[in-house]
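Residue strings, one per chain:
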Amino acid sequence: MALIYVSAWADAEVWRRQVTLHLPGEELRVWPDVGDAEAIDVALVWRPPFGALRMLPRLKLIANLGAGVEYLLGDPDLPKGVPIARLVDPAMTAQMSEYVALGVMTGLRKLIDYQGFQRERRWVEIDRDIAPPGERTVGVLGLGELGRDAARKLGALGYRVAGWSRTRKRLARVRCCHGRDRLAAFLGQCDAVVCLLPLTPETRGIINRETLGWMKPGVVLVNAARGGHVVDADLLAALDEDRVSLAFLDVFNDEPLPADHRYWSHPRVVVTPHVAALTLPSMAGQILANVKRLRAGQPLLNLVDTSQGY
Ligand code: NDP
Ligand code: OXD
């Protein structure tokens, strides 16, 4: 049997070294050099071209080299019934929580304002009556692998933390709620809102005119999930009207963010180029462990529920 690497994102040779390390003796092919397609039972993929996986009739595992699977699930020719595993790795989780903390603190401590004063060499103390972290609430949309860790670490920084998920969750020191009917009340209590949801038909466009209207005036928004969660025109309007004090954005509807997009120059927006939590070659062990499990007939880990879309 053989593995195939289907991704334009990273150098295939990096992954070849990882396969040699973790699965000595296994053959890795690199798309589009498929060779005998019947021999391929595992595809290591990140944003594979639509239709590519349909060419592999004996696939038993699709291993997504990232956490989000919305692009993969969007392939109209995705082979049905083949298990899809996604990347869940402590190093990715740690990167994301670091990014989230950076975004929340940049906003709540008004760093962008202070940077402006610094450029003008002005000593201006804004927020003299700033509330301590324990009096400010950070809300995390999505309490999965990433959201749970971010919530825990925000709590460790002293913030009051609230979390929202699809199904009921219980987390120490996080006020959890779930379901669409709780979203307005959830958002209404937050000084900062962090989006760590998967992009699904239910969550697409979830940050929109209506939901932004439920948030506190001056809220800080951190989106490190997917650009598709945000209706850009609605967020820009909220920023222009100071209803959102900072949008700290890692992900965009169009990536790379087009050069003429208003986010680039908006004084209340921080743009990072989809780097909040990167897939690193050192994470290959987690992905390739699933290949070992497949070969050994053991249950696969971190499987995607295709009916839910994440
Ligand atoms: P998980 O699948 O582990 O968690 C998803 C969470 O979202 C769960 O708590 C789930 O609820 C909740 N959720 C899903 N649908 C809904 C809904 N309709 N309403 C309310 N809550 C919902 O995902 P991860 O934490 O691993 O990753 C989250 C996303 O982060 C990824 O899908 C990806 O898009 C993004 N990401 C971005 C990166 C970057 O660099 N910018 C890097 C890595 C990931 P429940 O618990 O009830 O199932
Ligand atoms: C991911 C990402 O989903 O990097 O892993 O966005």
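Here the residue index of a chain counts from 1 through its sequence in written order. Chain letters start at A and ligand numbers start at 1, both assigned in the order the entries are written. With pLDDT at 70 or above as the cut-off, local features in this predicted model cover only qualifying residues; side-chain atom pairs require 80 or more to be listed or tallied, and sums for whole chains, interfaces and linings still use all residues. To obtain the side-chain values, all non-hydrogen atoms of the structure were used and water was disregarded.

K.L.:
Looking at this model, I keep getting lost on the pattern of salt bridges. Mind explaining?
P.N.:
Should the charged atoms of two oppositely charged side chains come close, the side chains can pair. Salt bridge criterion: a side-chain nitrogen from Lys or Arg within 4 Å of a carboxyl oxygen from Asp or Glu. Scanning the model with the defined rule gives 17 salt bridges in all. Note that D41 is salt-bridged to R295, the shortest N-O span being 2.4 Å. Taken together, the residues D41 in strand β3 (residues 40-46) and R295 in helix α10 (residues 284-296) connect sequence positions 254 residues apart. Look at the salt bridges and you will find they share partners, linking E26, D41 and R295 into a network. Working definition: helices are DSSP H or I runs of at least four residues, strands are E runs of at least two. Numbering for both runs from the N terminus.

K.L.:
I'm lost on helix α3 (residues 90-108) in this one. Help?
P.N.:
Each full turn of the α-helix corresponds to 3.6 residues, which orients residues three or four apart in the same direction. When the terminal C-alpha atoms of α3 are compared, their 27 Å separation across 19 residues agrees well with the 27 Å that a helix rising 1.5 Å per residue should span. Its side-chain oxygen at 2.7 Å from the backbone nitrogen of A91, D89 defines the N-terminal cap of α3. K110 sits one or two residues past α3 and shows a positive phi near 55 degrees. Each residue after the first adds 1.5 Å to the expected span of a helix. Counted as a polar contact is a pair of N or O atoms within 3.5 Å, where, for protein atoms, one must be capable of donating a hydrogen and the other of accepting one, and residues adjacent in sequence contribute only when both atoms are in side chains.

K.L.:
Sorry if this is basic, but what is going on with the site of ligand 2 here?
P.N.:
Working definition: residue near molecule or strand if any one of its non-hydrogen atoms lies within 4 Å of it. Lining the immediate surroundings of ligand 2 are W46, G66, A67, G68, M92, R226, H274 and A277. In the environment of ligand 2, an oxygen atom lies 2.6 Å from a nitrogen or oxygen atom belonging to the backbone of A67. Between an oxygen atom of ligand 2 and a side-chain N or O atom of H274, the distance comes to 2.6 Å. Areas reported here follow the Shrake-Rupley algorithm with a probe of radius 1.4 Å; residue values treat only the protein chains shown as occluding. Calculation on ligand 2 without its partners gives an accessible area of 210 Å², and the protein chains cover 88% of this total. Under the grouping applied here, Gly and all other residues not named as nonpolar or charged are polar, the nonpolar ones being Ala, Val, Leu, Ile, Met, Phe, Trp, Tyr, Cys and Pro and the charged ones Asp, Glu, Lys and Arg. Taken together, the residues of the shell around ligand 2 break down into four nonpolar, three polar and one charged.

K.L.:
Please explain the site of ligand 1 as it appears in this structure.
P.N.:
Not every one of the 29 residues close to ligand 1 is listed here, only the nearest: R86, L143, T167, K169 and Y310. Contact distances for ligand 1 include 3.1 Å between an oxygen atom and a backbone N or O atom of G144. Note that a nitrogen atom of ligand 1 is positioned 2.9 Å from one of the side-chain N or O atoms of D250. For the shell around ligand 1, the per-class residue count stands at 15 nonpolar, seven polar and seven charged.

K.L.:
Got a minute to help me understand the pairing of β3 in this structure?
P.N.:
Moving residue by residue along a regular strand, the side chains alternate between the two faces of the sheet. Using a 1.4 Å probe on the protein chains alone, a residue whose accessible area is under 20% of its type maximum counts as buried, one over 50% counts as exposed, and one in between counts as partly exposed. Counting buried positions along β3 yields seven of seven residues, so the element is predominantly enclosed. Bridge analysis of strand β1 (residues 2-7) against β3 gives six bridges, and the strand direction is parallel. Note that in β3 the partner of Y5 across the bridge is L44. Pairing analysis gives four bridges linking β3 to strand β4 (residues 61-64), with the strands arranged parallel. Counterpart to V45 in the pairing with β4 is N64. What makes two strands pair is DSSP finding at least two bridges between them.

K.L.:
Sorry if this is basic, but what is going on with the sheet that holds strand β7 (residues 160-165) here?
P.N.:
Within a sheet, each strand pairs with its neighbour through backbone hydrogen bonds, oriented either parallel or antiparallel. With parallel pairing, the seven strands of this open sheet are ordered in space as β8-β7-β6-β9-β10-β11-β12. The strands lining the two open edges of the sheet, one partner per strand, are β8 (175-178) and β12 (269-271). When strand polarity is set aside, the average angle formed by the axes of neighbouring strands in this sheet is 15 degrees. Pairing geometry for strand β11 (residues 244-249) and β12, over three bridges, is parallel. Bridging from a neighbouring strand, F248 pairs with V270 of β12. Lying over the sheet, helix α8 (residues 232-240) contacts β10 (219-223), β11 and β12, oriented at roughly 140 degrees with respect to β11. Axis angles are defined between N-to-C directions and span 0 to 180 degrees, where every axis is a line fitted to C-alpha atoms and, for a helix, only to the segment in contact. Residues are treated as being in contact if the distance between any of their heavy atoms lies within 4.5 Å.

K.L.:
Can you walk me through the pairing of β7 in this structure?
P.N.:
The buried fraction of β7 is high, at five of six residues. In the sheet, strand β6 (residues 137-141) pairs with β7 via five bridges, with the strands oriented parallel. Considered in β7, the bridge of V138 is made with V161. Crossovers are marked right-handed if the path from the first strand over the helix to the second runs clockwise, as seen with the strands pointing away from the viewer. On the question of chirality, the crossover connecting β6 to the parallel β7 by way of helix α5 (residues 145-156) is right-handed. Sheet topology places β7 next to β8; four bridges connect them, and they run parallel. Across the sheet, the residue bridging to A162 is R175, located in β8.

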